[in-house]
Amino acid sequence: MIMNVLFLGDIVGRPGREAVKKILPGLKGKFEIDVVVANGENLAHGIGITQRSIDEIKDYGVDLLTSGNHIWKRKQALEIVEEDDPFIIRPANYPQGVPGKGWKLIDVAGEKLIVVNLEGRVFMDERLDCPFRALDQILDETKKLKADAIVVDFHAEATSEKKAMGFYAKGRVSAVLGTHTHVQTADEIVFPDGTAYISDVGMVGGKNSILGVKVEQSLSNFLYQIRPKFEVAEGEMEVCGVVLEIQKGKTISIKRIREIV
Ligand SMILES: [Fe+2]
């Protein structure tokens, strides 16, 4: 079987969630999507998660959420990630003892997809374990599960660190997909050994915004160095992501998606 995976970038707040609701049925039909994974760390009011926002996105047809540094913004995240069968995973390289799971296996029409979540350390505030070694450990640990596809969400700021992860993981996973910057990059590639890579898939957020935040508020932060309350941009939304065609663990193609709704 060829597994068609749709991966959507960071969904920003209610307008982002509504854009997913609008666009998902069409995208699923057009690309014969088997499974939808999205980064959900900005799901609730543009930062963090709530049970309600997660339930909503589940209803719209997303199968699994990944996350990143912003997931902990609201206290309830600690409980949400600790469910036995969590709908959202968190970066695997958080220190031991942090609640939640860093990877998850999901069944996709009888095939096994493992989704791994990692966070970068360059230009990020958290002091995390090495994401490269964390990946090695997960691949070791999951070998016995004989996954049909392994997709990594590498939530990181620096393109250098992301590219490094692409080269480090190539040949061992089906895809390394960058998230966190909210800006889609045009460097998607499938390495000859069947690993797809893109530095950043982009976001699901306001087209006329600064990374999903209202322009005047984000701009004011740069002009005056006093951060106002950030609000999520409304209006036209850009829906960014990629579609992967994966067969026997190897990616055949990666296609960038950027649609305006
Ligand atoms: Fe982030």
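Heads up: the structure comes first, above all this text.
The structure displayed is predicted, hence computed values, not measured ones. (Residues numbered from 1 in each chain as written. Predicted model: local features only at pLDDT ≥ 70, side-chain atom pairs only at ≥ 80, totals over all residues. Heavy atoms only, no water.)

### Here's the deal with the overall build of the protein
So, step 1. Assigned secondary structure in the protein consists of six helices and 13 strands.
So, step 2. Its C-alpha atoms give the protein a radius of gyration of 17 Å, near enough to 18 Å, the size a compact globule of 261 residues would have.
So, step 3. When its C-alpha atoms are laid out on the principal axes, the protein stretches across 50 × 40 × 35 Å.
So, step 4. Buried residues in the protein amount to 55% of all 261 residues.
So, step 5. When contacts within the protein are restricted to residue pairs at least 6 apart in sequence, those whose partners lie at least 24 apart make up 65%.
So, step 6. Surface accessibility of the protein: about 11900 Å² in total, with carbon and sulfur atoms responsible for 51%.
So, step 7. Side-chain charges in the protein split into 34 positive and 38 negative, and the spacing between the mean points of these groups amounts to 1 Å. (Helix = DSSP H or I, 4+ residues; strand = E, 2+ residues; numbered from the N terminus. Rg over C-alpha atoms; globule rule 2.2 N^0.38 Å. Buried < 20%, exposed > 50% of the residue type's maximum accessible area, 1.4 Å probe, protein only. Contact = heavy atoms within 4.5 Å. Areas by Shrake-Rupley, 256 points an atom, 1.4 Å probe, with all protein chains shown as cover. Lys, Arg positive; Asp, Glu negative; His and termini not counted. Charge placed at Lys NZ, Arg CZ, Asp CG, Glu CD.)

### Side note on the pattern of salt bridges
So, step 1. Under the counting rule described, the total for this entry stands at 13 salt bridges.
So, step 2. Among the ionic pairs, D193 bridges to K170, the shortest N-O distance being 3.2 Å. On the criterion of sequence distance, the pair formed by D193 in the loop between β9 (189-190) and β10 (196-198) and K170 in the loop between α5 (159-169) and β8 (175-179) is long-range, its members being 23 residues apart.
So, step 3. According to the relative accessible area criterion, D193 is partly exposed, its value standing at 26%.
So, step 4. With relative accessibility at 28%, the residue K170 sits in the partly exposed group.
So, step 5. Across the pair R258 and E238 runs a salt bridge whose closest N-O atoms are separated by 2.6 Å. Here E238 lies in strand β12 (residues 237-247) and R258 lies in strand β13 (residues 250-260), a separation of 20 residues in the sequence.
So, step 6. A relative accessible area of 47% places R258 in the partly exposed class. (Salt bridge = Lys/Arg side-chain N within 4 Å of Asp/Glu carboxyl O.)

### A look at helix α1 (residues 13-31)
So, step 1. In this model, α1 (19 residues) spans 25 Å end to end at C-alpha, consistent with the 27 Å of a helix rising 1.5 Å per residue.
So, step 2. The largest bend in α1 is about 45°, located at I23, with the proline P25 one to four residues further on.
So, step 3. Inspection of α1 places G13, P15, G16, R17, A19, V20, I23, L24, L27 and F31 among the buried residues, and these make up the whole buried set. (Expected span 1.5 Å × (residues − 1). Bend = angle between axes of the 7 residues up to and from the residue.)

### A look at the coordination of the iron ion
So, step 1. E41 (OE), N69 (OD1), H155 (NE2) and H180 (ND1) make up the full set of protein donors to the iron ion, lying at 2.0 to 2.4 Å.
So, step 2. Because the angles between the four donor atoms bound to the iron ion fall within 87 to 143°, the donor set is best described as irregular.
So, step 3. The sequence pattern describing where the donors of the iron ion fall on their chain is E-x27-N-x85-H-x24-H. Here the residue E41 occupies a position in the loop between β3 (35-39) and α2 (51-59), and H180 occupies one in the loop between β8 and β9, the gap between them amounting to 139 residues. Neither residue differs from the other here; E41 and H180 are each classed as buried. (Donors = N, O, S within 2.8 Å, 3.2 Å for Na, K, Ca; no water. Tetrahedral: all angles 85-135°; square planar, octahedral: opposite > 155°, others 65-115°.)

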